[in-house]
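# Summary of structural features
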Amino acid sequence: MSTNRLQIRRVHAKYVVSTQHPSPARLKDQLDHELRNNLPQVLSSAFSSWFSQNDPSIWFVRRLQIEVPASSGEELSRTFTTQLGRTLSRTLSDGGEPNTVVQFSDRVSYVARFLHDLARGYAWSCWYYESFEGLRMLPTSAALRTVVSDQSEPGREALLKLSSNDLLDVMRALSRNDAGLILDNLAATSETGDEVDCCKRAWNAWQTITRGSFDGLNESQRALLLYLMSSRGQPAFGLNLKRATQAIFCLADRLSNRSAAEREQLFSAMTGDSLAGFYKTAGSDAEMLLPFLRCSPEWLREVIDAIGEQSAQNADDSGLNHCYTSFGGVFLLLPFINDLPLEQATRDWPHADDAAAISLLRFVLLVKCCGQSNSEQSLTDPLLRDLLLIPPSISVDSVCEWQSGISGSEVQRFLQTLINWQQAQGRLAGEKQILTEVVVEGRRTVVLIDGACGLWATLQPLESDRLINALRDPAVGLENSDRVLFCDPTLLEMLGAEFPAVRMISLSDADPEVDQISRLVARLEKLPDDLAHLALHSRFQLSPDLDLALSLVAQNVMRAFAATLPGFGLANLSYLWSNFLNFSATLDEEPARRVVRLARPPLHVVLTRTGSTRQSYCLRWLDERPLILFEETE
């Protein structure tokens, strides 16, 4: 058992001394020396009793800011440690700022979360995965294989820790070769196990796996998935369990859509006394089916009959739409998109040949919410396309061709309609607003942010004439003694001359006691990340006006979702996606409803408390059948 350990990656010490001090540099060197020599021992003594030796939990704290009066020797270390303890205790208790504290119940849970985040493409944006930095240059599949197969990491246990849907995400991220290598490695490092018992375990696991889970998986991915499902809650079995999982698939494929007479013929050959007869009947599948020959005829009869019934049921249910998507978080965003007056805002927009303008707009808006790194994958997701009424013929080129027919004036009317609606809903209060400049990929953009809830009210390129025109309506609303525009210092001179009746305060002079404004100002450094999250892949060639307009509306959608999460209303967009919306889902279409089963995101506990994962709603562009959301309990 490893002992408890507190690791501080870096101490950045800033000393404030009197201007009259004769040698500030010497004092700094002395204090640095004292911290370096005394701090480790004092910390070790002070925090040794914080956690039980039996507590395997792992805590990551991104940063702590501590202020202590200067002293000397061990007194400085003790004062520092006391203040560190208070600050650390407070931070661990209330979680600090969003994305500051991350906790895992044990090392296995930490590795499991990394595997899933790596499979979904978000691991390298999470600061607490620094220990895996050496894998960054590897392809995703190779990195997954390396972690699982590394004997120093609890790879098998981590995979088994994942929910079924999260495990599917990992399987889909593995190449055929890497999935096979992982299976070989797991089987080689475990006891062989009884052959008959392994067959029964594989069959029991097969029966618990959700229908459609194997869709889109190759034979290596399917075998690895079933092997892991067969290992849950059981001793680790090796080669025979691997053979059993492969035999199950071989038998199922062999019996698929076969008549009762053909199934009976195979059963007779497998339970008969003639091995030659079995090889003749089974043909090329004989070697794969060998593990079943040692099982009892009664059990084998049950398996063959069950597979036959399942095959018949699948044929009967072929008209039932059962779909999977990696982007389960969209089901939590769709109600907010459904509320928007998009029909009115796009009334005069041109349509594409195969899709209505309103459908394409909703679709691109949702693709933006999914994030830049997911834009190509979400665009081709079959379930998202069905939900948004987008036919298979619509491609990136189709979207680019469609948007080229939308004029700048139509984009401005679209934006004004959305802003007017937000104001009517009371979401854009307008009493205090923040205007700042953001530079993303060399493009200078100005953002007007409502001070009440952080919604973007204007998003424009930094071109003086266009910016002035875009700010005229908001500025009129600010011409009141009680209203204030907190402005980027670089824009004050230009705007002050254009809007002399507006009370403007430099952002550098913002009152730190104005809580909401101070929180928004403190998070302005995250604006480039938010814009980057909402950007589309370089293959999308949207006009700058339309691209910024859709980014503004997508930010409003994401911020409306964040408002339902206590304590996370101002979290940046990539954090919202990674921790609350990054999960898979399945949808079953039934005659009277659409049943959506949601996998669990990292911070699913917060969603569960808000009821977001147990809601029901209808979408105005679909028929009257509601979408009923359930959270997977596994």
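From a predicted model like this one, the values you see are computed outputs, not experimental measurements.

## Examining the packing of helix α3 (residues 107–120) against helix α4 (residues 140–149)
α4 packs onto α3 with a crossing angle of 165° between their chain directions and a minimal axis gap of 10 Å. The orientation of α3 relative to α4 falls into the category roughly antiparallel. Note that α3 runs across α4; the crossing there is left-handed. Contacts from V111, F114, L115, L118 and A119 in α3 reach T140, A143, L144, V147 and V148 in α4.

## Things to note about the packing of aromatic side chains
The full count for this structure, using the stated rule, is 19 aromatic pairs. Their ring planes at 50° and their centres at 6.2 Å tell us that W349 and W402 sit as a pair that is tilted. With a gap of 53 residues between them, W349 in the loop between α16 (342–345) and α17 (357–370) and W402 in helix α20 (residues 396–403) connect regions that are remote in the sequence. The pair W349 / W402 is uniform in exposure class, with both members buried. For the cation-ring pair, R172 lies above Y324, with the distance from its terminal atom to the ring centre recorded as 3.5 Å. In this structure, R301 is placed above the aromatic ring of F267, and the distance from its NZ or CZ to the ring centre is 3.9 Å.

## Examining the pattern of salt bridges
All chains considered together, the criterion is met by 22 salt bridges. Notably, a salt bridge pairs R301 with E264, separated by 2.9 Å at the nearest N-O pair. On the criterion of sequence distance, the pair formed by R301 in helix α14 (residues 297–316) and E264 in helix α11 (residues 260–271) is long-range, its members being 37 residues apart. For R301, a relative accessible area of 25% translates into the label partly exposed. Across the salt bridge formed by E343 and R362, the nearest N and O atoms sit 3.0 Å from each other. Taken as a pair, E343 in helix α16 and R362 in helix α17 lie far apart in primary sequence, 19 residues in all. With a relative accessible area of 33%, E343 lands in the partly exposed category.

## Regarding empty space enclosed by the protein
Take a probe with the size of a water molecule and roll it over the atoms, and the empty space left behind shows itself. Going through the model one piece at a time under the given rule, you end up with three cavities of 30 Å³ or more. Within this model, the largest cavity holds a volume of roughly 150 Å³. Taken together, 14 residues line the largest cavity, and the ones lying closest to its centre are L520, R523, L527, D530 and R559. If you list the elements that add at least two residues to the lining of the largest cavity, you get α25 (527–534) and α26 (544–562). Here the residues of the lining of the largest cavity are counted per class, giving seven nonpolar, three polar and four charged.

## Some details on the sheet that holds strand β6 (residues 456–461)
The five strands are arranged β6-β5-β4-β7-β8 in an open sheet whose pairing can be described as mixed. The open sheet terminates on both sides in strands that have one partner only, identified here as β6 and β8 (504–506). The sheet shows a mean angle of 20° between the axes of neighbouring strands, taken without regard to direction. Summarising the sheet, strand β4 (residues 432–440) and strand β7 (residues 484–487) pair through four bridges and their orientation is parallel.

## Notes on the packing of helix α8 (residues 195–208) against helix α10 (residues 239–255)
Where α8 meets α10, the axes come as close as 8 Å, and the angle between the chain directions of the two elements is 55°. Our classification of the angle between α8 and α10 gives oblique. Our pair here, α8 against α10, has a crossing hand that is right-handed. Between α8 and α10, the contacting residues are E195, C198, C199, R201, A202, W203 and W206 on the first element and N240, L241, A244, T245, I248, F249 and A252 on the second. For the contact of α8 with α10, the residue count by class is 10 nonpolar, two polar and two charged.

## Quick look at the side chain of D381
In this fold, D381 is placed in the loop between α18 (375–379) and α19 (382–387). Notably, D381 is buried but unbridged: the nearest opposite-charge side chain belongs to R385, and the N-O separation is 7.9 Å. Not counting residues up to four positions away in its chain, the partners in contact with D381 are T325, S326 and F327.

## Remarks on the environment of A112
Assignment of secondary structure puts A112 in helix α3. Taking relative accessible area as the criterion, A112 reaches 4% and is therefore assigned buried. With sequence-adjacent residues up to four places away left out, A112 is seen in contact with A158, K161 and L162.

## Overview of the nonpolar core
Counting 114 residues, the largest nonpolar core has F331, F414 and F580 as the members making the most contacts within it. Apart from residues no more than four positions distant in its own chain, F414 is found in contact with L342, A345, T346, W349, L361, A549, L550 and V553. Formed by 77 residues, the second largest nonpolar core is a distinct cluster that contains A112, A119, L266 and I307.

Criteria and cut-off values
- Residues numbered from 1 in each chain as written.
- Predicted model: local features only at pLDDT ≥ 70, side-chain atom pairs only at ≥ 80, totals over all residues.
- Heavy atoms only, no water.
- Axes fitted to C-alpha atoms, helices over the stretch in contact; angles between N-to-C directions.
- Helix = DSSP H or I, 4+ residues; strand = E, 2+ residues; numbered from the N terminus.
- Parallel < 35°, antiparallel > 145°, perpendicular 65-115°, else oblique.
- Left-handed = near helix turned anticlockwise from the far one by under 90°.
- Contact = heavy atoms within 4.5 Å.
- Phe/Tyr/Trp six-rings, centres within 6.5 Å; stacked < 30°, edge-to-face > 60°.
- Buried < 20%, exposed > 50% of the residue type's maximum accessible area, 1.4 Å probe, protein only.
- Lys NZ or Arg CZ within 6 Å of the ring centre and 35° of its normal.
- Salt bridge = Lys/Arg side-chain N within 4 Å of Asp/Glu carboxyl O.
- 1 Å grid on protein atoms, 1.4 Å probe; cavity = no way out; pocket = protein on both sides within 12 Å on 5 of 7 lines; lining within 4 Å.
- Points joined across faces, edges and corners; volume = space filled by probe spheres on them.
- Nonpolar A, V, L, I, M, F, W, Y, C, P; charged D, E, K, R; others polar.
- Pairing = 2+ DSSP bridges.
- Lys, Arg positive; Asp, Glu negative; His and termini not counted.
- Core = buried A, V, L, I, M, F, W, Y, C linked by side-chain atoms within 4.5 Å.

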